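# Coordinates in review
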Amino acid sequence: MVAYNIVFTGETGVGKSSLINMLFELEVSPTSNDVLEATERKKRCIATQDSNVYRLWDTPGLNGGTQGGVLTYQATKELQSLFKELESANGVHLLVFCFRFTEIFTAGLQRIYESVVASMRGIQVPIVAAVTHADVMRQAPESWWSGTETQRKQKELVFAGYACVSTLEDEDYPPTPGRRGKAKGDMWRLIKGYAKPLLPPGSPLKEVNVILFGQTGVGKSAVVNLIAGRPVAEVSPDVQLCTMSSTEYRFVMGAHDFRIWDTAGLEEAAVGFNVYVDAVLKALQLIRRVAAAGGVNLLLFCMPGQRVTKTIQSNYRLFYEILCESKVPIGLVITYLEREQDMEDWWTRNKLALRNHGIKSIGHACVTGLRNHPEKYALSRAAIYGLLTDCDRFGKYTMPSDIWFGRVVRRMRSLVRGVRLPRGEQLTQTLITRCGLKEDDARRLRTYLEEPEHEDT
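So, a few notes on the structure that sits alongside this text. Once a new chain begins, its residue numbering starts again from 1 and follows that chain's sequence as written. Local features are withheld for residues below a pLDDT of 70 in this predicted model, meaning they are given only at 70 or higher, and side-chain atom pairs are given and counted only at 80 or more; totals for whole chains, interfaces and linings count all residues. Excluding hydrogens and water, the side-chain values take into account all heavy atoms of the structure.

### What about the packing of helix α7 (residues 220-228) against helix α11 (residues 374-391)?
Remark: α7 packs on α11, axes separated minimally by 9 Å, with the N-to-C direction vectors making an angle of 80 degrees. Between α7 and α11, the interaxial angle falls into the category roughly perpendicular. Seen from α7, the contacting residues are V223, N225, L226, I227 and A228; seen from α11, they are Y377, S380, R381, I384, Y385 and L388. Amino acids outside the nonpolar list (Ala, Val, Leu, Ile, Met, Phe, Trp, Tyr, Cys, Pro) and the charged list (Asp, Glu, Lys, Arg) are all regarded as polar, and Gly is one of them. Partitioned by chemical class, the residues of the contact of α7 with α11 number eight nonpolar, two polar and one charged. Note on geometry: axes are C-alpha line fits, over the in-contact stretch for helices, and angles between N-to-C directions span 0 to 180 degrees. Runs of E in the DSSP output that reach at least two residues are strands. Runs of H or I that reach at least four are helices, and both are numbered from the N terminus. Geometric relationships in this document are graded by angle, where less than 35 degrees denotes roughly parallel, more than 145 denotes roughly antiparallel, 65 to 115 denotes roughly perpendicular, and other angles denote oblique. We call two residues in contact when some of their heavy atoms are within 4.5 Å.

### Regarding the pattern of salt bridges
Pairs can form between side chains of opposite charge whenever their charged atoms are close. Whenever a carboxyl oxygen of Asp or Glu lies within 4 Å of a side-chain nitrogen of Lys or Arg, that contact is scored as a salt bridge. If you walk through the whole model with that rule in mind, you get 13 salt bridges. Of the charged contacts, one joins D186 and R189 as a salt bridge, the two residues approaching to 2.5 Å between their closest N and O atoms. Remark: R189 and D186 occur in helix α6 (residues 179-194); sequence separation between them is three residues, near one turn of the helix. R443 is paired through a salt bridge with E439; the nearest N and O atoms lie 3.0 Å apart. Of the two residues, R443 and E439 are both situated in helix α14 (residues 439-450); the distance of four residues between them amounts to about one turn of the helix.

### Focus on helix α10 (residues 344-356)
With 13 residues, α10 extends 19 Å from end C-alpha to end C-alpha; this agrees with the ideal 18 Å at 1.5 Å per step. Here the bend at a residue means the angle between the axes of two seven-residue stretches, the one that ends at it and the one that starts at it. Where α10 bends most, at N350, the angle is about 50 degrees. Those residues of α10 that sit buried are E344, W346, W347, N350 and L354. To estimate how far a helix should reach, multiply one less than its number of residues by 1.5 Å. Under the scheme applied here, a residue whose accessible area is under 20% of the maximum for its type counts as buried, over 50% as exposed, and between as partly exposed, the area being computed with a 1.4 Å probe on protein chains only.

### Remarks on the packing of aromatic side chains
Centres within 6.5 Å make a pair out of two Phe, Tyr or Trp rings, where for Trp the six-membered ring is used; the pair is then stacked when the planes are under 30 degrees apart, edge-to-face when over 60, and tilted otherwise. A complete count under the given rule lists 19 aromatic pairs for this structure. Taken together through their ring pairs, the aromatic side chains of F97, F99, F101, F105, Y113, W144, W145, F159 and Y162 make up a single cluster.

### Points about unusual backbone geometry
Most peptide bonds are trans, and most residues other than glycine sit at a negative phi. Of note, the amide linkage connecting Y173 to P174 takes the cis form, showing an omega dihedral of -10 degrees. Summarising the element assignment, P174 is placed in the loop between β7 (161-164) and α6. In this model, E156 sits at a positive phi of 55 degrees, which is unusual for a non-glycine residue. Structurally, the position occupied by E156 is in the loop between α5 (149-155) and β7. The phi dihedral of Y336 is positive, around 60 degrees, even though this residue is not glycine. Residue position: Y336 is located in the loop between β12 (330-335) and α10.

### Digging into the packing of helix α2 (residues 73-88) against helix α3 (residues 107-120)
Direction vectors running N to C along α2 and α3 enclose 35 degrees, while the axes themselves pass 8 Å from each other. The two elements α2 and α3 meet at a crossing, and its hand is right-handed. In contact with T76, L79, Q80 and F83 of α2, α3 contributes S115, V116, S119 and M120. By residue class, the composition of the contact of α2 with α3 is four nonpolar, four polar and no charged. What makes a crossing left-handed is the near helix being turned counterclockwise from the far one by less than a right angle; a clockwise turn instead makes it right-handed.

### Structural notes on α14
It helps to recall that an α-helix has 3.6 residues per turn; residues three or four apart then point in one direction. The terminal C-alpha atoms of α14, which comprises 12 residues, lie 16 Å apart, in line with the 16 Å expected from a rise of 1.5 Å per residue. Those residues of α14 lying buried are A442, L445, R446, Y448 and L449. Viewed along the axis of α14, the buried residues span an arc of 160 degrees, placing them on a single side of the element. What the arc describes is the spread of directions from the helix axis to the C-beta atoms.

### Notes on the nonpolar core
We call a set of buried residues a nonpolar core when its members are Ala, Val, Leu, Ile, Met, Phe, Trp, Tyr or Cys and they connect through side-chain atoms within 4.5 Å of each other. I211, L323 and L445 are the most contacted members of the largest nonpolar core, which has 55 residues in total. Of all the elements, helix α8 (residues 273-292) adds the most residues to this core, at 10 residues.

### Topic: the environment of V223
As for its position among the elements, V223 is in helix α7. Classification of V223 by relative accessible area gives buried; the value is 2%. It is 8.4 Å that separates the C-alpha atoms of V223 and T335, two residues lying 112 residues apart in sequence.

### Some thoughts on the sheet that holds strand β10 (residues 256-264)
Strand pairing is defined by DSSP finding a minimum of two bridges between the two strands. With respect to topology, six strands assemble into an open sheet ordered β9-β10-β8-β11-β12-β13, the strand pairing being mixed. Looking along the sheet, the strands with just one partner apiece sit at the ends: β9 (246-253) and β13 (363-366). Sheet twist, expressed as the mean angle between neighbouring strand axes with direction ignored, is 20 degrees. Sheet topology note: the strand β8 (residues 206-214)/β10 ladder contains nine bridges and is parallel. Bridge pairing in β10 links L212 to D262. With respect to the sheet, α7 is in contact with β8, β9, β10, β11 (298-304) and β12, its orientation differing from that of β9 by roughly 15 degrees.

### Concerning the environment of T447
Here T447 lies in helix α14. T447 gets classed as partly exposed once you look at its relative accessible area, which sits at 44%. When the C-alpha atoms of T447 and G406 are compared, they prove to be 9.0 Å apart, with 41 residues separating the residues in sequence. Throughout this description, a polar contact denotes any pair of N or O atoms lying within 3.5 Å of each other; where both atoms belong to protein, one of them has to be capable of donating a hydrogen while the other can accept it, and for residues adjacent in sequence the pair is counted only when both atoms sit in side chains. Within polar-contact distance, the side chain of T447 engages the backbone oxygen of R443 at 3.0 Å.

Interpretation note: all reported values are geometric properties and have no functional meaning in isolation.
Structure representation (C-alpha cells):
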C-alpha cells in the first residue's frame with residue numbers, strides 16, 4: 001500500500017469538485033482530517049486504487065478567472081497552508097491544475113498558475129493539467145494540445161501531462177455512451193502516471209506495528225480483514241478471551257509491512273483477582289512480542305457505534321495510558337455503522353462526547369466490515385487506509401521488556417475491583433498453582449505485584 005497526496009487546484013467554477021466526484025464515485029470517502037489542520041473550505045477525499053491510497057484535496061477556487069480578474073487572497077493563503085502541512089507529513093505527490101477548455105491561454109490563467117506555483121514555495125511536485133468542459137472541443141484533444149504549445153511556452157505554463165475530460169453523465173445532452181467512463185479512465189491514468197512515488201524504486205518496506213484492541217464482539221477480526229483487503233482473520237461469533245490475549249497477523253500491502261496484534265480488551269470496567277492475574281500474564285506475552293518486533297507505531301481502538309460506557313473508558317485507559325504510557329498515537333475505529341446513511345455522520349454527532357469522556361485520538365475511521373454493503377464497505381476500506389497512512393510517519397515506542405512489564409503490572413492494579421491480593425509466599429503459591437508459573441517466574445511477578453505504587457521516572 002502506497003499513499004499519495006493529490007492536490008486539485010484552479011480557478012473557481014471549472015468543475016474541480018465535479019471532477020473529484022466523477023473520479024471516485026462509490027469509492028470516495030469524504031473525511032475530516034484529524035492529523036493535519038483543516039479549514040472549512042478545503043476538503044479531503046480518500047479512495048483506494050490497486051491497493052494504494054489516494055488522498056485527494058479539493059482546494060478553494062482562485063477567483064481570477066481566465067479574463068484577468070484579481071486572485072482571492074484567502075484562497076491563496078489556504079493553498080500555501082495546505083502545502084506546508086502536507087510537506088511536513090507525507091509530502092505532496094501530484095498537483096492537478098484544473099482549467100476550462102480554451103482556445104486562448106490568457107494572462108488571467110497565467111496569473112492563477114503563477115500564484116499556485118508560488119504557493120508551493122519551492123516544493124518539487126509534478127504538475128499536470130486537467131482540462132474540463134472537453135465536450136465543447138471541435139477537434140481531437142491531442143491536436144488542440146499540440147496546437148497550443150507555443151501559447152503555453154510564452155505564458156510559461158509547464159505541465160508534465162494532461163487530460164481533456166468532460167464530467168457530464170452519459171445521458172446528458174448530447175447523449176454520449178461511454179463518455180463518463182472514458183473521462184474517469186483518462187484521469188486515473190494521468191494521476192497514476194505522474195504521481196511522484198512515495199518511495200524510490202527498490203526501497204525497503206516500511207514496517208508498521210499496530211496493536212488493535214477492543215471488547216469481544218466489536219468486530220476486530222473484520223477490521224483486520226478490511227485492512228488486508230482479503231480474509232486473513234477468521235470472523236466468527238466471538239469467544240470471550242482473556243484480557244490482553246492477542247493474535248498476530250502480518251501481511252504486506254504496497255510499500256508497507258503490517259504487523260497487527262488483535263488484542264482482547266476488558267469486558268468490564270473493573271476486574272477481580274483472577275482476571276487481573278490472567279491479564280498480567282497475557283500482557284507479558286504481548287510486551288515481549290512487541291518489544292522483539294522493535295516496538296509499536298500505532299494503537300487502534302475498535303469500538304461499536306454506541307454511547308460511551310465505563311468499559312470503553314477503561315479499555316482506552318488500559319492500552320493508551322497504562323500499556324503505552326500515553327506515548328503512542330491512537331486512532332479510533334468505529335464499527336457497525338452500516339445502518340448510517342453516511343457513516344461519517346456518527347462521528348459528527350459523537351466526537352464531542354468522546355472528548356468529554358477523555359477519549360482523544362489523532363484520527364478516526366467510521367466503518368462497516370460487512371461485504372453485503374458494497375458501497376459502504378468500499379468507503380470503509382478507504383477510511384481505514386487513510387487512517388493508517390496518516391499515521392505511518394510515527395516512530396516505534398518501546399523499552400526493555402522487563403522494565404516495561406514492571407510498570408504495566410503496577411499500573412494495572414488500579415483496575416482491580418474490591419479484591420485484596422494475597423501477600424508473601426501465599427501470593428507465590430497462588431501464582432504457581434493458579435497460573436502454572438515456574439517458581440522463579442512466580443517470585444519475579446510477585447516482586448512487581450508487591451512493589452508500592454509510585455510515579456515512574
